[in-house]
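Listed below, chain by chain, are the residues.
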Amino acid sequence: MRQFDTQVNDFMDSLIEESTSLEPAPVPAVFSPPMSDKERSKLRYCSLLCYQMKSCIWRLVTADANALLLPTLVLKRRQLITVFFCRHFRPPHGEGKLFVSRRSLLDELFEVNHIRTIYHMFIALLILFILSTLVVDFIDEGRLVLEFDLLVYAFGQFPLVVCTWICMFLSVLFIPYTLFYLWAQSHSGSHSHLRLYSLLFGTLFLLYQALGLGFLPTYTVVTNSFPPASCFIIILEQVRLMMKAHSFVRENVPRVLAWCKEKKVVPQVSQYLYFLFAPTLIYRDKYPRNPVIRWGYVVSKLLQVLGCLFYAYYVFVRLCIPQFRSISLQLFDLRAMVLCVFNSILPGKIRNKLLCFGLPTELFDSCDFDYTLQDWWNSTSFANYYRTWNVVVHDWLYYYVYRDFLWISQKRCRPAAMLFVFTVSAVVHEYILAICFGFFYPVLFCLFMCFGMMFNFILHDKRKGPIWNIIMWTSLFLGQGVIICLYSQEWYAQRYCPLKEPSFFELLKPRSWIIMMPYLF
């Protein structure tokens, strides 16, 4: 309890110091109107509100002294702080997402002994996976086998992957920025035919997005037959860079149109470069940053990411590959299929997302961890789960797909906007899997568009209580089992029964279904 009080005191002291140093930013009135006397008075009594928040939090802690409730109290404290910032530091209308300085949710939760013990249990489970693999290999081979054949295969052709990524990154660093700079220069002077300039540079930017970032990396991956992990590196980076380039242009075009006579409206190259590495898809000229980089924290997160990689490796080696390699050689059996789905639930939930975002966030001094991770595991509705599971991608879809769709339709087609967002997300996910696995098998697309849409309306935000969280987790476990099982069966079917001269329509047919068809009918 004393430790929790000390943490609250430290946080409030830093909050008070920051609030007293706040000054209105010199930005144009189009995006941020001058602060009124009432708003300035709000900033002056921020310290009083901070102390009131502290006393409220302390009453919560003393009322529930049981240590098992500390994770809930941590989340309540974060929600209270978020509400405070949203009320007193709300961004101007039309400016979009607000980034504020806060601690990582995982760092706060790991300060609770019970949460840290669960983390230690997973580390112990990884050690047991490693020991079981070494012992079995020693019994079979008569020696210690320290070869990582699956990792070597999955990350094959790595030098070519690095060269491809460097070309992609350099192109997205210079081409979009140069096009935007030239377009902004045409609007800052006394040029005529501004619409013609806008059409020209807009067409060049779209061509670059479609050909330079869209077609060429995919062509490189397909023609060189990259293995799965190498494919994921290139394709995921392709999608990420396309989304970042769109965000940079989308956020800065309105500024140029509003400040057509200003020459300082174009962001600096250093700001754009920082954005390309920052763990967010929403462009801002500046982000909340830590004064120093905690290199010890960076190293610990890097080790955790490597640990997650080996965790996934041993799970697939011990649980997935033996099961699917044997079931792919057997006749179709409904009982075996059902058992395969349920046995795939555990590998399907092995995730390293919780640990990967802390590394780039700390490495680039960024201190707004809330835009990378929220407590999605407490969701009682699929609507909240979709908003919090991947905050980075959700923000991009919300601001640049959903809101722009409503702006174009003049806010008359909200269901159509939601359907469009689901469709875009499902198509991009299926595109990534199809290119990286080398076959078209729209399992994820069907689950996303059918069951995902249905659960989004059935398990909506009005659903509260523990039972709905249990239903959500049950649905997630079952969906992951189906995805892992069906995609793994199709992978081995593609390897064991290749087509000599496949046509386009035969490539669209699931190979595993063709193999099982004689046994079903």
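Everything quoted here is computed from the prediction, not taken from an experiment.

Centre distance and the angle of the planes are the two values used to describe a pair of aromatic rings. Applying the stated criterion across every chain yields a total of 36 aromatic pairs. Arranged with centres 6.1 Å apart and planes meeting at 75 degrees, the rings of Trp376 and Tyr385 form a pair that is edge-to-face. Residue Tyr385 is classed as buried on the basis of its relative accessible area, which comes to 10%. Note on Phe382 and Tyr385: the rings are 6.0 Å apart at their centroids and 70 degrees apart in plane angle, and the pair reads as edge-to-face. Residue Phe382 and its partner Tyr385 are located together in helix 17 (residues 382–389), separated by three residues, close to a single helical turn. The exposure class assigned to Phe382 is buried, which follows from its relative accessible area of 5%. Taking NZ or CZ as reference, Lys244 lies 4.2 Å from the ring centre of Phe275, over its face.

Another aspect to go through is helix 9 (residues 194–223). Along its 30 residues, helix 9 runs 41 Å from first to last C-alpha, staying within 8% of the 44 Å computed at 1.5 Å per residue. At Tyr208, helix 9 shows its maximal bend, which comes to roughly 30 degrees. Listed in full, the buried residues belonging to helix 9 are Phe201, Phe205, Tyr208, Gln209, Leu213, Gly214, Pro217, Thr218 and Val221. Against helix 8 (158–188), helix 10 (228–258) and helix 19 (414–437) lie the buried residues of helix 9.

Here the focus is the UniProt feature "transmembrane region" (unreviewed entry) in the chain. When the UniProt feature table is mapped onto this chain, "transmembrane region" (unreviewed entry) is found at residues 118–139, 159–184, 196–216, 295–315, 439–458 and 470–489. Across residues 159–184, the secondary structure splits into 100% helix and 0% strand, with the terminal C-alpha atoms separated by 38 Å.

This brings us to a negative patch on the surface. A contiguous patch of negative charge on the surface is contributed by Asp140, Glu141, Glu147 and Asp149. The exposure class of Glu147 is partly exposed, given its relative accessible area of 47%.

This part is about the packing of helix 19 against helix 20 (residues 443–458). Their axes nearest at 9 Å, the elements helix 19 and helix 20 cross at an angle of 150 degrees. In terms of axis orientation, helix 19 runs roughly antiparallel to helix 20. Between helix 19 and helix 20 lies a crossing of right-handed hand. Residues Met418, Leu419, Phe422, Thr423, Ser425, Ala426, Val427, His429, Glu430 and Leu433 of helix 19 pack against Val443, Leu444, Phe445, Phe448, Met449, Gly452, Met453, Asn456 and Phe457 of helix 20. Counted by class, the contact of helix 19 with helix 20 contains 13 nonpolar, five polar and one charged residues.

Here we take up the side chain of Thr164. By the element assignment, Thr164 lies in helix 8. For Thr164, a relative accessible area of 10% corresponds to the buried category. Not counting residues within four places of it along the chain, the set of residues in contact with Thr164 comprises Thr220, Phe226 and Ile234.

A word on the nonpolar core. If you look at the biggest cluster of nonpolar residues, it comprises 51 residues, and the most contacted ones within it are Val172, Phe248, Tyr272 and Trp396. For this core, the secondary-structure elements that each account for two or more residues are helix 8, helix 9, helix 10, helix 11 (269–277), helix 18 (391–408) and helix 19. Shared between two domains, this core takes at least three residues from each, and those domains are domain 2 (154–277) and domain 3 (292–516). If sequence neighbours within four positions are ignored, Tyr272 has contacts with Val172, Leu173, Pro176, Tyr177, Ala245, Phe248 and Tyr283. Counting 17 residues, the second-largest nonpolar core is a separate cluster that includes Cys320, Cys340, Val341 and Leu433.

What follows concerns the packing of helix 8 against helix 11. Two elements in contact, helix 8 and helix 11, have axes whose closest approach is 11 Å; the angle formed by their N-to-C orientations is 140 degrees. Judged by the angle between their axes, helix 8 and helix 11 are oblique. Read as a crossing pair, helix 8 and helix 11 show a hand that is right-handed. Counted together, Phe169, Val172, Leu173, Pro176 and Tyr177 of helix 8 and Val269, Tyr272, Leu273, Leu276 and Phe277 of helix 11 form the full contact between these two elements. Per-class residue counts for the contact of helix 8 with helix 11 are ten nonpolar, no polar and no charged.

What counts and how
Residues numbered from 1 in each chain as written. Predicted model: local features only at pLDDT ≥ 70, side-chain atom pairs only at ≥ 80, totals over all residues. Heavy atoms only, no water. Phe/Tyr/Trp six-rings, centres within 6.5 Å; stacked < 30°, edge-to-face > 60°. Buried < 20%, exposed > 50% of the residue type's maximum accessible area, 1.4 Å probe, protein only. Helix = DSSP H or I, 4+ residues; strand = E, 2+ residues; numbered from the N terminus. Lys NZ or Arg CZ within 6 Å of the ring centre and 35° of its normal. Expected span 1.5 Å × (residues − 1). Bend = angle between axes of the 7 residues up to and from the residue. Contact = heavy atoms within 4.5 Å. UniProt positions renumbered as here; feature names shortened; annotations may be inferred. Patch = residues over 30% accessible without salt bridge, like charges linked within 9 Å, V, L, I, M, F, W, Y side chains within 5 Å. Areas by Shrake-Rupley, 256 points an atom, 1.4 Å probe, with all protein chains shown as cover. Salt bridge = Lys/Arg side-chain N within 4 Å of Asp/Glu carboxyl O. Lys, Arg positive; Asp, Glu negative; His and termini not counted. Charge placed at Lys NZ, Arg CZ, Asp CG, Glu CD. Axes fitted to C-alpha atoms, helices over the stretch in contact; angles between N-to-C directions. Parallel < 35°, antiparallel > 145°, perpendicular 65-115°, else oblique. Left-handed = near helix turned anticlockwise from the far one by under 90°. Nonpolar A, V, L, I, M, F, W, Y, C, P; charged D, E, K, R; others polar. Core = buried A, V, L, I, M, F, W, Y, C linked by side-chain atoms within 4.5 Å. Domains from an automatic or database assignment.

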